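Each chain, letter by letter, is given below.
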Amino acid sequence: EEYLEMVSKLSPGALSVISGFLFYNLNGILYLWGGISTYITSYLRQFDPELSLHDSAILLPIGLLVQTCCFPISHYVTRTYGVKAAMIAAWSCFSFAPLLGSFATSFWTFVLGYNILFSIGIGLSFLAISMSAWCYYPKKKGLVTGLMMSGFGTGPFVANFIAQALVNPNNEEATEKEGDLSYFGPDVYENVPRMLRVFSVIYFCIGLTGLVILKVPDTLKTESQLAADAAQEQTSSSNVVFPNAIEETKVEEEGCTSVREAAQTGVFWRLALCALFGLCLPFYIIDVYKMIGSQYYHDDAFLTVVGSFGVLANGTSRVIWGQLLDSCGFIKSWLVVLSIQVV
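Residues numbered from 1 in each chain as written. Predicted model: local features only at pLDDT ≥ 70, side-chain atom pairs only at ≥ 80, totals over all residues. Heavy atoms only, no water.

Moving on to the overall build of the chain. From N to C terminus, the chain includes 18 helices and 2 strands. Across the 343 residues in the chain, those meeting the buried criterion constitute 44%. Long-range pairs, those at least 24 residues apart, make up 82% of the contacts in the chain between residues at least 6 apart in sequence. Here the chain displays about 18,200 Å² of accessible surface, and carbon together with sulfur accounts for 65% of that area. (Helix = DSSP H or I, 4+ residues; strand = E, 2+ residues; numbered from the N terminus. Buried < 20%, exposed > 50% of the residue type's maximum accessible area, 1.4 Å probe, protein only. Contact = heavy atoms within 4.5 Å. Areas by Shrake-Rupley, 256 points an atom, 1.4 Å probe, with all protein chains shown as cover.)

In structure tokens form, the structure reads like this:
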């Protein structure tokens, strides 16, 4: 009761930011793959001895492709059924993907059951997460987005340690050698299904909490949702009414209205090139850092710490980038990011 009372005193905007932070924690699990790929690959090799870490490295690129393809679907769902509908669909994907993956007996069934389903959840929720908070804080979009997207770091940071504690609590070395790659034995990889099922429960609880506290502003509600809200207010006098932080603001659509129209502008292709050359290297490192590191360091706990603090820096620094974006604009902020990458 004390927790519910405390939550009820928070503004709808603050609740939306907290909800966004929780859901971005789930989105950030994408970066967990580099930390658990050795566990998963070692586990799946009992069904397919020819499978290698080189093969499983394709999982992250597949996930990125799937989530990108789901962005237009997310746009349609939020426009037609509302923000919460997209979030509920994403929450279902996040919760069931690890559970289905725990029953996989081949690499491609794992890709279908875990990777693709989880990536669909990211694609459905990635943009929808921020929409409510942006409406409450229209002049602080960069800072608000940075605060929420810091979950990209805290999520995999914590999950990395949980994974290592569940799968390899004794910090055993990967003793099965094949070329320059090493894999874990049965004492370690047999814990993989349990790890995935524990994650399924954790993701379910995090997503449910985010959905319960999310307050969608009226400007983002569909006509049917607004009508239902009005009817509910007339028939019930005991409802708790949260003040709307938006005073008769309208969502203005600026810029291009279709992908085809956007593709005819120079800005579209310049942004595409920025993403291509600025994001490929970080994603590559996230994907294979443990595979490469295990060739030089055979301490699984040490590699887990390295990866965990890497993703934590990734997520928490987004607060800085968001504030920098608000104050300096995109070009200067992007130049700072690229300069740090070069260094």
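Quick look at the packing of helix H2 (residues 12-27) against helix H13 (residues 192-213) now. Two elements in contact, H2 and H13, have axes separated by 8 Å at closest approach and are oriented at 160°. Between H2 and H13, the crossing angle belongs to the class labelled roughly antiparallel. As for how H2 packs across H13, the hand of that crossing is left-handed. Across the interface between the two elements, Leu15, Ile18, Ser19, Leu22, Phe23 and Leu26 of H2 pack against Tyr203, Ile206, Gly207, Thr209, Gly210, Leu211 and Ile213 of H13. (Axes fitted to C-alpha atoms, helices over the stretch in contact; angles between N-to-C directions. Parallel < 35°, antiparallel > 145°, perpendicular 65-115°, else oblique. Left-handed = near helix turned anticlockwise from the far one by under 90°.)

Our focus in this paragraph is the pattern of salt bridges. Under the definition given, this model contains 1 salt bridge. Salt-bridge contacts for glutamate 178 lead to arginine 45; the nearest nitrogen and oxygen are separated by 3.1 Å. With a gap of 133 residues between them, glutamate 178 in strand E1 (residues 176-178) and arginine 45 in the loop between helix H3 (33-44) and helix H4 (53-56) connect regions that are remote in the sequence. For arginine 45, a relative accessible area of 14% puts it in the buried group. (Salt bridge = Lys/Arg side-chain N within 4 Å of Asp/Glu carboxyl O.)

Once that is clear, we can look at the side chain of threonine 304. Tracing the backbone shows threonine 304 in helix H17 (residues 300-328). Contacts of threonine 304, omitting those with residues within four sequence positions, involve Tyr39, Asn160, Phe161, Gln164 and Lys290.

Running from N to C, helix H7 (residues 83-101) and helix H8 (residues 107-125) point in directions that differ by 160°, and their axes come no closer than 8 Å. Comparing their axes, H8 and H7 come out roughly antiparallel. Remark: the crossing between H7 and H8 carries left-handed chirality. Each of Ala86, Met87, Ala89, Ala90, Cys93, Phe94, Phe96, Ala97, Pro98, Leu100 and Gly101 in H7 lies in contact with H8, whose residues at this interface are Phe110, Gly113, Tyr114, Leu117, Phe118, Ile120, Gly121, Ile122, Leu124 and Ser125. A class-by-class count of the residues in the contact of H7 with H8 yields 17 nonpolar, 4 polar and no charged. (Nonpolar A, V, L, I, M, F, W, Y, C, P; charged D, E, K, R; others polar.)

Considering all chains together, one arrives at 20 aromatic pairs under this definition. Judged by centre distance (5.4 Å) and plane angle (35°), the rings of tyrosine 24 and phenylalanine 152 are tilted. Residue tyrosine 24 is located in helix H2, and its partner phenylalanine 152 is located in helix H11 (residues 151-167); the two are separated by 128 residues in the primary sequence. Note on phenylalanine 152: relative accessible area 3%, which makes it buried. Ring centres of phenylalanine 71 and phenylalanine 126 lie 5.8 Å apart, and the angle between their planes is 35°; on these two criteria the pair is classed as tilted. (Phe/Tyr/Trp six-rings, centres within 6.5 Å; stacked < 30°, edge-to-face > 60°.)

Here the focus is the environment of glutamine 323. Structurally, the position occupied by glutamine 323 is in helix H17. By relative accessible area, glutamine 323 is classed as partly exposed at 46%. With 180 residues separating them in the primary sequence, glutamine 323 and leucine 143 have C-alpha atoms 4.7 Å apart. Not counting residues within four places of it along the chain, the set of residues in contact with glutamine 323 comprises Gly142 and Leu143.

By definition, a disulfide links the sulfur atoms of two cysteine residues through a covalent bond. Tallied over the entire structure, the rule returns 0 disulfides. Cysteine 70 forms no disulfide, and the closest cysteine sulfur to it belongs to cysteine 69, at a distance of 6.9 Å. Given the relative accessible area of 8%, cysteine 70 is considered buried. In this structure cysteine 93 is not part of a disulfide, and its nearest cysteine sulfur, from cysteine 70, lies 8.1 Å away. (Disulfide = S-S within 2.5 Å.)

Ile40, Phe110 and Met195 are the most contacted members of the largest nonpolar core, which has 63 residues in total. Setting aside residues no more than four positions away along its own chain, isoleucine 40 makes contact with Trp33, Phe110, Val192, Met195 and Leu196. In this structure, Leu181, Tyr183, Val288 and Met291 belong to the second largest nonpolar core, which totals 6 residues. (Core = buried A, V, L, I, M, F, W, Y, C linked by side-chain atoms within 4.5 Å.)

Right, let's get into a nonpolar patch on the surface. Residues Leu281, Tyr284, Ile285, Ile292, Tyr296, Tyr297, Phe302 and Val306 make up a contiguous nonpolar surface patch of about 840 Å² in total accessible area. Residue assignment for the nonpolar patch shows that the elements contributing at least two residues are helix H16 (266-293) and H17. No other element matches H16, which puts 4 residues into the nonpolar patch. In this fold, valine 306 is placed in helix H17. (Patch = residues over 30% accessible without salt bridge, like charges linked within 9 Å, V, L, I, M, F, W, Y side chains within 5 Å.)

Coordinates in, geometry out; function isn't part of it.
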